[in-house]
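What follows is each chain in one-letter form.
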Amino acid sequence: TRSGEGAGTVSDSQGKLNCGSDCEGVYDIDSIVTLTAIPDNGSAFDGWSGACSGIGPCEIVVSDILAVDAAFVASANEADLEITKTDGQISATPGESTNYTIVVSNNGPDAAMGVVVDSFPAGLTCSYTSVASGGATGNTTAGSGDILDALTVPAGSTVTYTAPCNIDSAATGVLFNTAFVYSVNFDPTTGNESATDNSTLIPSANLAVMKTDNLDAVKPGGQTTYTITASNHGPSDVPEATLTDVL
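Owing to the predicted nature of the structure, the values given are computational and were not obtained by experimental measurement.

Calculation criteria
- Residues numbered from 1 in each chain as written.
- Predicted model: local features only at pLDDT ≥ 70, side-chain atom pairs only at ≥ 80, totals over all residues.
- Heavy atoms only, no water.
- Buried < 20%, exposed > 50% of the residue type's maximum accessible area, 1.4 Å probe, protein only.
- Helix = DSSP H or I, 4+ residues; strand = E, 2+ residues; numbered from the N terminus.
- Pairing = 2+ DSSP bridges.
- Patch = residues over 30% accessible without salt bridge, like charges linked within 9 Å, V, L, I, M, F, W, Y side chains within 5 Å.
- Areas by Shrake-Rupley, 256 points an atom, 1.4 Å probe, with all protein chains shown as cover.
- Salt bridge = Lys/Arg side-chain N within 4 Å of Asp/Glu carboxyl O.
- pLDDT = per-residue confidence, 0-100.
- Polar contact = N/O pair within 3.5 Å; in protein donor to acceptor, adjacent residues only side chain to side chain.
- Contact = heavy atoms within 4.5 Å.
- Core = buried A, V, L, I, M, F, W, Y, C linked by side-chain atoms within 4.5 Å.
- 1 Å grid on protein atoms, 1.4 Å probe; cavity = no way out; pocket = protein on both sides within 12 Å on 5 of 7 lines; lining within 4 Å.
- Points joined across faces, edges and corners; volume = space filled by probe spheres on them.

*Asks:* Mind showing me how you'd approach the pairing of strand β15 (residues 158-167) here?
*Replies:* Regular strands place their side chains on alternate faces of the sheet. Side chains Val159, Tyr161, Ala163, Cys165 and Ile167 of β15 all project onto a buried face; the interleaved residues Thr158, Thr160, Thr162, Pro164 and Asn166 project onto a face where none is buried. In this structure, strand β10 (residues 97-109) lies alongside β15, joined through nine bridges in antiparallel fashion. Each residue of the ladder has a partner; that of Ser97, found in β15, is Asn166. Bridging between strand β12 (residues 124-133) and β15 involves eight bridges; their strand directions are antiparallel. Pairing of Leu124 across the sheet is with Ile167, part of β15.

Take a look at the structure:
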């Protein structure tokens, strides 16, 4: 449900909700649903109650009939929150690292509260630091894993996150990494509240082989035993390698 003197909509990650005052969705048991509240002009999102809490997107596991309320209050404040994200490269190597820079900005005209979310994809192990400027507060100055901060951002302020991430040596495909900023205030500019960085994973491996029988000479008719050692000096895994020894 929606409550309060303000106005706004609630949507979900499965596309079943886009509702005003009262709405319901039918989901599979144990499915994961993320709810997002978006205030209308002249309103602000005041938080969740029921099965959700806080002011950011709410993730729930549907195990039963769940009730959630989104409260909206009247507010004249509006702010254009923007987020950018890049690692400065179009490809990356499994087994090595990449460094993301994530910048949250308030382009005004008013101060705002917002929640920044970056759930790093499988295959990445990340830490991060952040620096606020222009009076912004609420950022975690150092952490590890996913980023989830409730920020207070005056007009003209920024929060910059730097996230070095180790890439799993067995990772394949493309690293899709999206960061979001959700404003509790009306945002007059849409389309800049998320930023995605894509890096194609290109494996690289230094394979080596050694063979020895530890002898300098052998008598004709005698016997010798060879030891063959294959190794991968990385950085990437090689799922299928062929060793051939022609005697």
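*Asks:* I tried to follow a nonpolar patch on the surface on my own but got confused; where do I start?
*Replies:* A contiguous nonpolar patch, built from Val209, Tyr226, Ile228 and Leu243 and spanning about 390 Å² of accessible area, is present on the exposed surface. In this fold, Ile228 is placed in strand β19 (residues 227-235). Residue classification places Ile228 among the partly exposed positions, given a relative accessible area of 36%.

*Asks:* What is the right way to look at the confidence of the model for the protein in this model?
*Replies:* As a general rule, the predicted coordinates of low-pLDDT regions are not to be interpreted in detail. Per-residue confidence for the protein gives a mean pLDDT of 93, with 99% of residues at or over 70. Summarising per-element confidence for the protein, the mean pLDDT is lowest in strand β3 (residues 18-19) (78) and highest in β15 (98).

*Asks:* Even after reading the chapter, I still don't get the side chain of Ser183, so can you show me in this structure?
*Replies:* Among the secondary structure elements, Ser183 is positioned in strand β16 (residues 174-183). A polar side-chain atom of Ser183 sits 3.0 Å from the main-chain carbonyl oxygen of Asn185. The contacts of Ser183, once residues within four sequence positions are left out, are Pro39, Leu81, Ala112, Met113 and Gly114.

*Asks:* Please explain the nonpolar core as it appears in this structure.
*Replies:* As a rule of thumb, nonpolar side chains are buried together in soluble globular proteins. The biggest cluster of nonpolar side chains holds 28 residues, and the ones touching the most others in it are Ile83, Phe120, Leu124 and Tyr161. Elements supplying a minimum of two residues to this core: β8 (79-86), β10, β11 (112-118), β12, β14 (147-153), β15, β16 and β17 (194-201). The greatest single-element share of this core, amounting to five residues, is contributed by β15. The contact partners of Ile83, leaving out residues within four places of it in the chain, are Ile102, Val103, Val104, Val116, Ala179, Phe180, Val181, Asn192, Glu193, Ser194 and Ala195. Formed by 17 residues, the second largest nonpolar core is a distinct cluster that contains Val10, Leu17, Tyr27 and Val184.

*Asks:* Explanation requested: the sheet that holds β14 in the structure shown.
*Replies:* Two pairing modes exist for strands in a sheet, parallel and antiparallel, and in both the strands are linked by backbone hydrogen bonds. With mixed pairing, the five strands of this open sheet are ordered in space as β9-β17-β16-β11-β14. Taken across any chain shown, the strands that pair with only one partner, and hence form the sheet edges, are β9 (91-92) and β14. Here seven bridges tie β11 to β14, and the two strands are oriented antiparallel to one another. Looking across to β14, one finds that Met113 is bridged to Thr152.

*Asks:* What am I meant to see in the layout of surface pockets here?
*Replies:* Where empty space is left becomes clear once a probe the size of a water molecule has been rolled over the atoms. Empty space within the largest pocket amounts to approximately 480 Å³. Lining the largest pocket are 22 residues; nearest its centre among them are Cys23, Glu24, Gly25, Tyr27 and Leu66. Secondary-structure elements contributing two or more residues to the lining of the largest pocket are β4 (32-39) and β7 (68-74). The computed volume of the second largest pocket comes to approximately 420 Å³. If you trace the second largest pocket, you find 21 residues lining it, with Pro57, Glu59, Val117, Ser119 and Leu148 closest to the centre.

*Asks:* Looking at this structure, I do not really get the pairing of β4. What am I missing?
*Replies:* Pairing geometry for strand β2 (residues 8-12) and β4, over five bridges, is antiparallel. Each residue of the ladder has a partner; that of Asp12, found in β4, is Leu35. Sheet analysis places β4 next to strand β6 (residues 58-61), joined by four bridges and oriented antiparallel. Across the sheet, Val33 pairs through a bridge with Ile60, a residue of β6.

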